[in-house]
Amino acid sequence: MPNVRKRGAGYKLQQIARNPFLYGMAVPGLLFFLIFSYFPIYGILIAFKNYDFSKGITGSEWVGFRNFNYFFTSDDFWIILRNTLLLNVLFIVFTTLAAVLIALMFNEIRNKYFKRISQSLIFLPYFMSWIVIGMLVQSFLGGESPPVNAWIQNLGFEPVNWMFESALWPWILTIIRVWQGAGYLSIIFLAAITGISEDLYEAARIDGASKMQIMLRITLPLLVPTISIMTLLSVGRIFNGDFAMIYAIIGDNSLLYPTTDVIDTFVFRSMRQLHDFGMSSAVGLFQSVMGLIFVIIANAVTRKMSKESALF
Amino acid sequence: MRSKKMLSITIAAVLSLSMLVSGCGGNGNNNTGANTPNNGEGKGQSNSADSPKETVELKAYFPGDKPSGFEDVLKAVNEKLKADNVGASLNINFLPWSDYGNSVSVKMSAGEEFDMYLDAPWLSMSQMIASGSIIPLDDMVASRKELKESIPDQMWDANKFGGKIMGIPLGTVQGTLYGFVIRKDLREKYGMPELKTVADVEKFLYTVKEKETTIKPFVIDGRKADKLPALFNDTLNTGKVSYIETLVPMFYYSLENKKVVGAWDAKTLDQSFERATKYYEDGILSKNIAQEQNAQTLFNQGKYAATYYAADGVEGLKYLDALKIDGAELEVVVPHDETSKPYSNYQQWNFLTIPKASKHAELVMDVANWLSVKENHDLLEYGVEGKDWESVGDSSYKQLSAYVFPGFVLTWRPTLERTPDNMLAGDKEWVEKAGAADFFNLSPITGFSFDAEQVKTEYAKTTPFFDSVFLPLSQGVLPADKGKEMLKDKILGVGGQKVIDEIQKQIDAVVAK
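Owing to the predicted nature of the structure, the values given are computational and were not obtained by experimental measurement.

1. Some details on the overall build of chain A
Counting its regular elements, chain A contains 16 helices and two strands. In terms of its C-alpha atoms, chain A occupies a principal-axis envelope of roughly 70 × 65 × 35 Å. Looking at the 312 residues of chain A, the share that counts as buried comes to 41%. Counting contacts in chain A only where the partners sit at least 6 residues apart, residues at least 24 apart contribute 67% of the total. A total of about 17800 Å² of accessible surface is found on chain A, and carbon and sulfur atoms cover 68% of it. Of the charged side chains in chain A, 23 are positive and 18 negative; the average position of the first set lies 15 Å away from that of the second.

2. A word on the sheet that holds strand β3 (residues 116-119) of chain B
Residues and elements named next belong to chain B. What the five strands build is an open sheet, ordered β2-β1-β3-β13-β4; its pairing is mixed. Every interior strand has two partners, whereas the edge strands, β2 (88-95) and β4 (168-170), have only one. For this sheet, the mean inter-axis angle between neighbouring strands, taken without regard to orientation, is 25°. Here strand β1 (residues 56-63) pairs with β2 via eight bridges, running parallel. Looking at the pairing, Phe 62 lines up with Phe 94 of β2.

3. Some words on the sheet that holds strand β16 (residues 419-420) of chain B
All names here are of chain B. The three strands are arranged β14-β15-β16 in an open sheet whose pairing can be described as mixed. With partners counted over all chains shown, the strands left at the sheet margins are β14 (389-392) and β16, one partner each. Pairing between strand β15 (residues 396-399) and β16: two bridges, direction parallel. Among the inter-strand pairings, Tyr 397 is bridged to a residue of β16, identified as Pro 420.

4. Looking at the interface of chain A and chain B
Taken together, the contacts link 41 residues of chain A with 44 residues of chain B. Overall, the association of chain A and chain B removes approximately 3900 Å² of surface from exposure, summing both partners, and the carbon and sulfur fraction of that is 60%. Close ionic contact of Arg 223 of chain B with Asp 252 of chain A constitutes a salt bridge, the shortest N to O distance being 2.9 Å. The interface formed by chain A and chain B contains 12 residue pairs in polar contact (both at pLDDT 80 or more).

5. Quick notes on the packing of helix α15 (residues 263-274) of chain A against helix α16 (residues 277-305) of chain A
Residue and element names in this part refer to chain A. Their axes nearest at 10 Å, the elements α15 and α16 cross at an angle of 170°. By the criterion of interaxial angle, the relationship of α15 to α16 is roughly antiparallel. Residues Ile 263, Asp 264, Val 267, Met 271 and Leu 274 of α15 form the contact with α16, whose participating residues are Met 279, Ser 280, Val 283, Phe 286 and Gln 287. For the contact of α15 with α16, a count of residues per class yields seven nonpolar, two polar and one charged.

6. Quick word on helix α12 (residues 211-235) of chain A
All names here are of chain A. Along α12, the sharpest change in direction is near 40° and occurs at Val 224; proline Pro 225 comes one to four residues later. Here α12 has its buried residues at Ile 214, Met 215, Ile 218, Thr 219, Leu 223, Ile 227, Ser 228, Leu 232 and Val 235. Looking at the buried side of α12, the elements it contacts are α6 (77-108), α10 (169-194), α11 (198-206) and α16.

7. Brief notes about the packing of helix α8 (residues 130-141) of chain A against helix α13 (residues 243-250) of chain A
Residues and elements named next belong to chain A. Running from N to C, α8 and α13 cross one another at 30°; their axes reach a closest spacing of 8 Å. Looking at the two axes, α8 sits roughly parallel to α13. Crossing of α8 over α13 shows right-handed handedness. Residue-level contacts link Trp 130, Ile 131, Gly 134 and Val 137 of α8 to Ala 244, Met 245, Ala 248 and Ile 249 of α13. Class assignment of the residues belonging to the contact of α8 with α13 gives a composition of seven nonpolar, one polar and no charged.

8. Quick notes on the domain arrangement of chain B
All names here are of chain B. If you check the domain split of chain B, you get domain 1 (56-173 + 347-437) and domain 2 (177-237 + 266-345). The straight-line distance from the C-alpha centre of domain 1 to that of domain 2 is 32 Å. When residues of domain 1 are sorted by the area they lose upon contact with domain 2, Leu 424, Asp 427 and Trp 430 head the list and together hold 49% of the total. Our enumeration of links across domain 1 and domain 2 arrives at zero salt bridges.

9. Brief notes about the confidence of the model for chain A
On average, residues of chain A carry a pLDDT of 88, and 97% of them reach 70 or more. Put simply, helix α4 (residues 56-59) of chain A is where chain A has its lowest mean pLDDT, 81, and α10 of chain A is where it has its highest, 94.

10. What about a nonpolar patch on the surface?
All names here are of chain A. Together, Ile 131, Val 132, Met 135, Leu 136, Phe 140, Trp 151 and Trp 179 make up an exposed nonpolar region whose accessible area comes to about 720 Å². Assignment of secondary structure puts Leu 136 in helix α8. Judged by relative accessible area, Leu 136 falls into the partly exposed class, the value being 34%.

11. Some words on the side chain of Asp 252 of chain A
Its location among the elements puts Asp 252 of chain A in the loop between α13 and α14 (257-260). The residues contacting Asp 252 of chain A, other than those within four sequence positions of it, are Tyr 247, Tyr 257 and Arg 272 of chain A together with Arg 223, Ala 290 and Asp 467 of chain B.

12. Considerations on unusual backbone geometry
Residues and elements named next belong to chain B. Look at Asn 237: it is not a glycine, yet its phi comes out positive at around 60°. Among the structural elements, Asn 237 can be located in the loop between α10 (228-231) and β7 (243-245). The backbone of Met 250 shows a phi angle near 80°, a positive value even though the residue is not glycine. Checked against the element boundaries, Met 250 lands in the loop between β7 and β8 (251-254). Met 250 gets classed as buried once you look at its relative accessible area, which sits at 4%.

What counts and how
Residues numbered from 1 in each chain as written. Chains lettered and ligands numbered in written order. Predicted model: local features only at pLDDT ≥ 70, side-chain atom pairs only at ≥ 80, totals over all residues. Heavy atoms only, no water. Helix = DSSP H or I, 4+ residues; strand = E, 2+ residues; numbered from the N terminus. Buried < 20%, exposed > 50% of the residue type's maximum accessible area, 1.4 Å probe, protein only. Contact = heavy atoms within 4.5 Å. Areas by Shrake-Rupley, 256 points an atom, 1.4 Å probe, with all protein chains shown as cover. Lys, Arg positive; Asp, Glu negative; His and termini not counted. Charge placed at Lys NZ, Arg CZ, Asp CG, Glu CD. Pairing = 2+ DSSP bridges. Axes fitted to C-alpha atoms, helices over the stretch in contact; angles between N-to-C directions. Buried area = accessible area lost by both parts, 1.4 Å probe. Salt bridge = Lys/Arg side-chain N within 4 Å of Asp/Glu carboxyl O. Polar contact = N/O pair within 3.5 Å; in protein donor to acceptor, adjacent residues only side chain to side chain. Parallel < 35°, antiparallel > 145°, perpendicular 65-115°, else oblique. Nonpolar A, V, L, I, M, F, W, Y, C, P; charged D, E, K, R; others polar. Bend = angle between axes of the 7 residues up to and from the residue. Left-handed = near helix turned anticlockwise from the far one by under 90°. Domains from an automatic or database assignment. pLDDT = per-residue confidence, 0-100. Patch = residues over 30% accessible without salt bridge, like charges linked within 9 Å, V, L, I, M, F, W, Y side chains within 5 Å.

Structure (structure tokens):
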């Protein structure tokens, strides 16, 4: 690679002075992050305070780590932590796998119209609100005689009582998540594939490589940096349960809590009566800090294996 | 060196620019406060002899969706306010339910100036009072005749916080009366006489279970199943209970030894829990009850013979669509033993409150008083007469348009409410009874409303058990014995005794007064 020589701040400023408009375009973005992401960090203080509306953030009394107490000493802490991590790992692994597969398949389709239509269709669930998806799930698996059971029985199997079997739900949620998110992710991968130089493919074809070989030896390896960056980005949110999704689908069905109760739904239920900013901020802070730690670890591991695939 | 300086200048410039941008919002707010010349001069009585007052716009935040046709009605309201020379106009903003509570508290802590909003014990009222964010209204209420008289004295008395009126209580009923909406045609089909007791209802449900093939006995939303313990109990709507609700979910107050206990020790509930267990096993309650969210639709589609009823003026109206089914007739069954009045603490669930930051408190009260005049009340709550509704007698109305104002946020006055003309006869009868203050006995713990501040860690730990244990127990999904034991272990296991002690302490303080 050229241009690896380290350059000082002076060189960078020179570049800025030379292309003021180009760099100027970054200003709105920088401002956005400054105002909406960096200034609010100051709100972290709430997690360590007995927050009082009238006194404001600075005026409220310091309470140290007391706000963290209720969450870490709750009976179900380990179950909830396990559920959050397990569900997220399942979501990340299967959504990525499915998205890569879809992207590879789309890349092989030559009929332009078929490709466009099927792309749009597979993209569609991403725009559905979780409430709507929750209702769909309810109408397939809920009720006293769920339609899915009728199908299962027609195939000669025993009907399943979906709303009782908590063991099934991590998988059901994973399937729903893949159906909803894989199409969207595949478009990103497809864009990365489009960026791969045509020369490589041509050379491979001249050397007599089969389609499968091209896919496995060229497309997939060159896609790895994108895959790992997308994965690293989702690892940052691994401690955040997707509240909108879980609550829309599981709702208040306590029978399914053993496997589906995640940090966000648990906090929602604890705070439904209490509305305590301090306690909810404490949990939010915990999620973010753990997310950060995970990203740093995952990034370090990725860096060890392949430098280009790492985020930083 | 020079480059470093330039870098820091650039950063400083970006920072100050963003400060400027974020600062703008605050300035805008301050302006609204500045141009308000006459605060709370008049007492709101429309007096045409007064010189026309300058109109001040009052900003309100309420939860929910904007009613259809709201602009037209609000315009008419504002015109009438002007004609009556109240000196105010209304600017009502509806915020989505999902983040109403948080939005309002954030707006308030950010110092936004607005003049009124809906708060409630189930929302942030106790925190707002504790932090002095909302203002007491006693004197202002006392000087406003229409407002004071449109709400019964018991209701004013029982809805004070720390002895003060912290919000205008908004409610139409003075206590809760539960019961059932049943399919009258089915009852008659099986030759059963009118249902009067819970045992009668039980018999009806079992008959339907046995004889009907397509209609199932009873439906209720999983979330509402916490009402089942009160519902399937021989003491329903009577004062013959040994334990009464404290309004802190899962905790009850013994009338005999005046002790606060968890639901597992409240003997009044034993019968209910056992019945729920039995009904669930026998298929009277749906196997899907934990997940059920469509009870209303299912009942209206004719798939069930009975559902839950509350005499609150709202619940009964939800089931009118069932009348469209061929041959279907509905009946409201409210078991009640006339020898014993049910307890009520006359507590209301919603309050119109005035934030401390408002500069127009007197004016807000003038508007509230103005809305306590029947004509004005009807205009905002039912819409423009002749276009949105027409009057049927003094206490009923026929709806003509889709305009429905959520009265509980601002306009509900027990003495002024009209009932829709299509209300079931039984529903109307019970709603009127529930609205009469004398129908109830004053609860010994009236005035108590829980402030969890001292035990908030323990309270935050116990509340999730409402969903995970108490609801399944009430739904019959968790068998009575096992469920009660589990609830006890879980709650006491996370320091629930401290919560119980705190409730006890606060109730004792109220009772001692």
